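# Examining the three-dimensional arrangement
What follows is the residue order along each chain.
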Amino acid sequence: MHEELNRLGLIDDEEMDLDDAALTLALLDHPDTDIAPYHDLLDELELQLDLVGADAGTPAERADALAAVLAGEFGFAGDAETYDDPANADLIRVLDRRRGLPVSLSILWVAMARRLGWRADVLDVPGHVLVVVGAEAAPVIVDPFAGGVRVGAEQLAALVEASAGAGRAVAHVAAMPNRAVLVRLLQNQASRAEQAGKGRRALELYIRMTTMAPAYPHAWWERARLELVDDQIAAARASLGAMLEITRDPDLRRRVITMLDALTS
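What counts and how
- Residues numbered from 1 in each chain as written.
- Predicted model: local features only at pLDDT ≥ 70, side-chain atom pairs only at ≥ 80, totals over all residues.
- Heavy atoms only, no water.
- Helix = DSSP H or I, 4+ residues; strand = E, 2+ residues; numbered from the N terminus.
- Rg over C-alpha atoms; globule rule 2.2 N^0.38 Å.
- Buried < 20%, exposed > 50% of the residue type's maximum accessible area, 1.4 Å probe, protein only.
- Contact = heavy atoms within 4.5 Å.
- Areas by Shrake-Rupley, 256 points an atom, 1.4 Å probe, with all protein chains shown as cover.
- Lys, Arg positive; Asp, Glu negative; His and termini not counted.
- Charge placed at Lys NZ, Arg CZ, Asp CG, Glu CD.
- Pairing = 2+ DSSP bridges.
- Core = buried A, V, L, I, M, F, W, Y, C linked by side-chain atoms within 4.5 Å.
- Patch = residues over 30% accessible without salt bridge, like charges linked within 9 Å, V, L, I, M, F, W, Y side chains within 5 Å.
- Salt bridge = Lys/Arg side-chain N within 4 Å of Asp/Glu carboxyl O.

Of the regular secondary structure elements, the protein holds twelve helices and seven strands. Taking 2.2 N^0.38 as the reference for a compact globule, 265 residues should give roughly 18 Å; the C-alpha atoms of the protein span a radius of gyration of 19 Å, in line with that estimate. Considered along the principal axes of its C-alpha atoms, the protein spans approximately 65 × 50 × 35 Å. For the protein, the proportion of its 265 residues judged to be buried stands at 47%. Counted over contacts in the protein with a minimum sequence separation of 6, partners at least 24 positions apart contribute 56%. Carbon together with sulfur atoms contributes 51% to the accessible area of the protein, which is approximately 12500 Å² in total. Averaging the coordinates of the 25 positive side-chain charges in the protein and doing the same for the 43 negative ones gives two points 6 Å apart.

Have a look at this one:
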């Protein structure tokens, strides 16, 4: 399985299938699980979506088909009652429970749409994750956590302002690359692990992030921080060195160099 994780770190972002990649990440925590039934369920979702959405030609019609199948027929919904349960960010457990976080459910929605050749992307909204179906021609934004309800421009602006404060433009909302989506998924798990006092579990998740998405400096910084907490000084130096190689941000580089100097003095 670690070979599969390494493979995810090497392939081009556009070559990633979000559902397969998320299952690969989940399987690291369920090494004895037979993954075939989960692939079968995803194939079943695709088949049913293909039937329901056979005549769906517009983004609005495709968004309706996604909601009818994923939320309606198969019952996938946001877990508002036990939101912080780590299972909500683990695609194997999401498929078992039909419950998840905004990001894990968005992965499912986008992956199913793309299987049919429909344009769909995970949308990075401050404090939330949504899905945009379609591109330039009348795209539709939906909330998989809420069963696929439509999110209009005014609601989107309200979400942004609620998270970032009044005055932030909706233009800051953007479609996420596949790796960024998967990092967001693992970040949810890592944050909850650390909040629960499971620092080594959080460190393992940051190691997965840096393996799968080595060009994301934040994951390297958090990995180094937790390695220092665990008194792994040499490992922390290596993580900071890797971070220094990939970031060109002058402020961030100064921060890393200062930390490296402190570790070698």
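An order of E6-E5-E4-E3-E7 is seen for the five strands of this open sheet, with the pairing classed as antiparallel. Only two strands of the sheet have a single neighbouring strand rather than two, namely strand E6 (149-150) and strand E7 (174-175). Both strand E3 (residues 120-125) and E7 contribute to a ladder of two bridges, which runs antiparallel. Bridging from a neighbouring strand, Leu123 pairs with Ala175 of E7.

Note: most residues except glycine have negative phi, and most peptide bonds are trans. With a phi angle near 60°, Arg98 is a residue other than glycine that sits in the positive phi range. Looking at the secondary structure, you find Arg98 in the loop between helix H5 (91-97) and strand E2 (99-100). Here the phi dihedral of Asp231 falls at roughly 65°; this positive angle occurs in a residue that is not glycine.

So, about the nonpolar core. Residues Leu45, Leu66, Leu95, Leu182 and Met212 are the most contacted members of the largest nonpolar core, which totals 68 residues. Per element, the largest residue contribution to this core is nine residues, and it comes from helix H6 (residues 102-115). In this view, Met212 contacts Leu5, Leu8, Gly9, Met16, Leu25, Arg179, Leu182, Val183 and Leu186; residues no more than four positions away in its chain are not counted. Within the second largest apolar cluster, twelve residues are counted, among which are Trp221, Ala224, Leu252 and Leu263.

On to a nonpolar patch on the surface, then. Judged by side-chain polarity, Leu47, Leu51 and Val52 come together as a nonpolar surface patch covering roughly 290 Å² of accessible area. Structurally, Leu47 can be placed in helix H3 (residues 36-52).

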